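Chain by chain, the residues run as shown.
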Amino acid sequence: MKKTLALLLSVLMLVTLLAACGSNDTPPADTSGGDTQQTDDANTPEDTTGDTEEPEAPAAGGTIGVCIYQFTDAFMTTYRNALQEILEGKGYQVTTVDGANDQAKQNEQINNFITQGVDALIINPVMTSAADQIIATVQAAGIPTVLINREPTADQMAVYDKLVYVGCDARQSGTMQGELILDTPNKGDINGDGKISYIMVQGDPENVDAQYRTEFSVKALVDAGMEVEELNLTRGDWMRERGQEIVANDLAQFGEQIEVVFCNNDDMAIGALQSIVAANRKVNEDIYLVGVDALDAALNEVQAGNMTGTVLNDAVGQATAAVEQMELLLGGKTYAAGEQSVYVDYVKVTPDNVSDFMK
Ligand code: GAL
C-alpha cells in the first residue's frame, strides 16, 4: 500500500515538473500575442534590441505597422491595398494608418506602433526631408523597417543596418515618358515648328519622383536631338483636381501652342484630360498627354486613345518586394551601407501593349 502511494506521489511530482517546464516555454509567445498593453509594452523594444545578435526566425503571424503618407493618393491606395492583401495572406496582423499628409501626425503613429511593440514597420514617409528623424526613431527602438515610395539618400539610410528602401528609380519613368512622345509620328512637334512646346504638371516637388520625372522626361527629348520649349511648370501635388485646374489655366493662357502635356502621375493626367476635352482639344491629334502609374482609369484612357501613354509604376511588384525585404529583416538580415535600395522596374504602356496590364 505504502509503495503504491509513493509511486503515485512521484508520478504526480513528475507531471507537475513537466507542466512547469512547458509553461516556461510559452511566455514569449504569449507576450507577443496577448500583449498586456501597458505593462509589457515598455519592455518589448528593449527585449528586441537585446536579441539583435542572434537572428530570429521570421515571425509568422507577427504584427506589422504600415504608415502611408496619405490615403487619398490614388496610386498609394492601390499600393496599400496590395500590401495589406499580401501581408494578411501570409498570416501577419496588419494595421495601416493614414498620415493625412502631415509629418507630425505620422511621427506620432510611428511612436505608437513602437509602443505597441510591432515586429516590423513599413513606412511611406510624408516628407523625404523627415527621413533622418524617422530612421533615428526606428533605430532607437531596434524595429526592422522597410521604407517605401519616397526614397531617402544612401547616406541617410547607412546609419541603420536593419533598414531597407523598396521603390523604383524615378529617372527611368521620366525617360520613358519622353520616349512615349518621341514614338509619336511627329515626335511631339505637332505644328512642325521644329520644337516641342510642353507644359509640365509636377507632383510634390519635395519628392524625388517628381524631381526626376520632370527632369528626365525632357532630357529624353533633348538627348534625342529635339528642341524643347517649356511653356509652364506647375506643382499639382499628385492630385487629380489640381491637374484639371492647372491644365485648364494653361490651355486658357497658351491655347494651341501646347503640344505636349507631361504629368508626373496618372491621377493628374486624368484631371488634365478633363480640361483637354472641355477645351475641345483631341489627344493624339492636336495634343499629346502622358502620365505615370498605370492606374486603371489611365489604362482605359490609353486604350480609348485619350492618353498617349503611361508608365507602369508596379504597385503589386513593389508591395511584394517590400514584404520580401521585411521578412528578410525579420529573419535577421542586416544591410551594408550603399546596398539599402531595392528597385522594381517601370514599364512603358502604349495602346499596343495596354491590354496586357488590364485586369
Ligand atoms: C509616386 C506616384 C504618385 C504618388 C507618389 C506619392 O511614385 O507615381 O502617383 O503616389 O508616388 O509619393
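Bear in mind that the values here come from a model prediction, so they are computed numbers and not experimental data.

Visitor: Explanation requested: the pairing of strand 7 (residues 227–235) in the structure shown.
Guide: Moving residue by residue along a regular strand, the side chains alternate between the two faces of the sheet. Both strand 6 (residues 195–202) and strand 7 contribute to a ladder of eight bridges, which runs parallel. Paired with I199 across the two strands is N232, which belongs to strand 7. For the handedness criterion, the β-α-β arrangement of strand 6, helix 10 (residues 208–223) and strand 7 is classed as right-handed.

Visitor: Looking at this structure, how should I read the site of the ligand?
Guide: Among the 13 residues in the neighbourhood of the ligand, the closest are listed as D73, N149, D209, R213 and D293. At 2.9 Å from an oxygen atom of the ligand is found a side-chain nitrogen or oxygen belonging to N265. Burial of the ligand by the surrounding chains reaches 99%, relative to a free accessible area of 310 Å². At the level of elements, helix 5 (74–89) and helix 10 are the ones that each hand at least two residues to the shell around the ligand. Considering only residue class, the shell around the ligand consists of four nonpolar, four polar and five charged.

Visitor: How should the packing of helix 9 (residues 170–182) against helix 10 be read in this particular structure?
Guide: Each packed pair of helices is defined by two parameters, the angle between the axes and the distance between the axes. The N-to-C vectors of helix 9 and helix 10 enclose an angle of 35 degrees; their axes lie 7 Å apart at closest approach. Here helix 9 and helix 10 pass one another in a crossing that is right-handed. Contacts between helix 9 and helix 10 involve A170, R171, S173, G174, T175, Q177, G178, E179, I181 and L182 from the first element and V208, D209, Y212, R213, F216, S217, A220 and L221 from the second. Residue composition of the contact of helix 9 with helix 10, by class: eight nonpolar, six polar and four charged.

Analysis parameters
- Residues numbered from 1 in each chain as written.
- Predicted model: local features only at pLDDT ≥ 70, side-chain atom pairs only at ≥ 80, totals over all residues.
- Heavy atoms only, no water.
- Pairing = 2+ DSSP bridges.
- Helix = DSSP H or I, 4+ residues; strand = E, 2+ residues; numbered from the N terminus.
- Right-handed = clockwise from strand over helix to strand, strands pointing away.
- Near = heavy atom within 4 Å.
- Polar contact = N/O pair within 3.5 Å; in protein donor to acceptor, adjacent residues only side chain to side chain.
- Areas by Shrake-Rupley, 256 points an atom, 1.4 Å probe, with all protein chains shown as cover.
- Nonpolar A, V, L, I, M, F, W, Y, C, P; charged D, E, K, R; others polar.
- Axes fitted to C-alpha atoms, helices over the stretch in contact; angles between N-to-C directions.
- Left-handed = near helix turned anticlockwise from the far one by under 90°.
- Contact = heavy atoms within 4.5 Å.

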